[in-house]
Amino acid sequence: MSDTALVVMARYPELGKTKTRLARTIGNEHTLHLYTAFLSDLAHRFAGHSYDLHWAYTPTEVDYQAFITTLAPQHAQRMWSFPQQGPDLGVRLHHAFHWTRDRGYKKTVLIGSDSPQVSVAIIDRARAALEEADVVLGPAEDGGYYLIAMSHPYDVFSDIPMSTPVVAQMTIAAAKRQGLHTHIIDTLFDVDELADLQRLAQQLQAEPARAPVTAAYLATLRKFL
């Protein structure tokens, strides 16, 4: 067991319930396959490193462990999963940190599943920053964050309106009120809208190795990109 857990907050891909904003422009079926490609790239990239890869999933009734085995069969023994718990995203994020802490992890790096381009180097920087910082944030360009890392399940989630442009700003303020030191790492963009997907497609056309499964599927969506 590593001293660090890498947790990916993810949904089980379901037709009509996956990335609905994006689906309005490219259709439900394309969105389903695209999001599955995101998850596959994350599984291949992060399983088997010096940290333990866990998936915090929703909805709770699905067999997510069986699903992630299909994403990266060769890494099936090096990935674990647990259901998200709580009525809103803030509570679910906080629960994930409690879950890893209760199982003995000294550090937890948590990422979303909407930035398939996030690199191993970014995870390593976040992990290293926890030697000095209490809270590490990877800001998203929309004002949220794609990464949050802590060594203790501090409550920097309560009373913060998730999925708004002030999430990162308010999280930093919440940490400051508790006397916590925050460290900021690389800013990335989430893929929520068609413009984000077009931007990702341009990046992956130049560097397909950053997310090869996603790059391959995007090649089939040229009419949208």
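This text gives an overview of the structure that appears in the document. Computed from a predicted structure; not experimentally measured.

1. Here we look at the nonpolar core
Of all hydrophobic cores here, the largest spans 52 residues; its most connected members are Phe46, Trp55 and Leu147. The dominant element in this core, judged by the number of residues it contributes, is helix 2 (residues 28-46), at 7 residues. Not counting residues within four places of it along the chain, the set of residues in contact with Leu147 comprises Val109, Leu110, Ile111, Ile122, Ile123, Ala126, Val136, Leu137, Gly138 and Ile185. Ala5, Phe97, Trp99 and Tyr105 belong to the second largest nonpolar core, which has 24 residues in total.

2. Examining the packing of aromatic side chains
Aromatic ring pairs are defined here through the distance separating the ring centres and the angle between the ring planes. Overall, the coordinates contain 7 aromatic pairs when judged by the stated rule. Plain terms: the ring middles of Trp55 and Tyr64 are 6.3 Å apart, the flat faces sit at 45 degrees to each other, and that makes the pair tilted. On the accessibility criterion, Tyr64 (1% relative accessible area) is buried. Relative to Trp99, the ring of Phe82 lies with its centre 3.9 Å away and its plane at 10 degrees, an arrangement referred to as stacked. In this pair, Phe82 is assigned in strand 3 (residues 79-83) and Trp99 in helix 4 (residues 89-102), connecting sequence segments 17 residues apart. Judged by relative accessible area, Trp99 falls into the buried class, the value being 16%. Site record: aromatic cluster; members linked through ring pairs are Tyr12, Trp55, Tyr57, Tyr64 and Phe67. Above the face of the Phe46 ring, Arg45 is positioned so that its terminal group lies 5.6 Å from the ring centre.

Definitions and limits used
- Residues numbered from 1 in each chain as written.
- Predicted model: local features only at pLDDT ≥ 70, side-chain atom pairs only at ≥ 80, totals over all residues.
- Heavy atoms only, no water.
- Core = buried A, V, L, I, M, F, W, Y, C linked by side-chain atoms within 4.5 Å.
- Buried < 20%, exposed > 50% of the residue type's maximum accessible area, 1.4 Å probe, protein only.
- Helix = DSSP H or I, 4+ residues; strand = E, 2+ residues; numbered from the N terminus.
- Contact = heavy atoms within 4.5 Å.
- Phe/Tyr/Trp six-rings, centres within 6.5 Å; stacked < 30°, edge-to-face > 60°.
- Lys NZ or Arg CZ within 6 Å of the ring centre and 35° of its normal.

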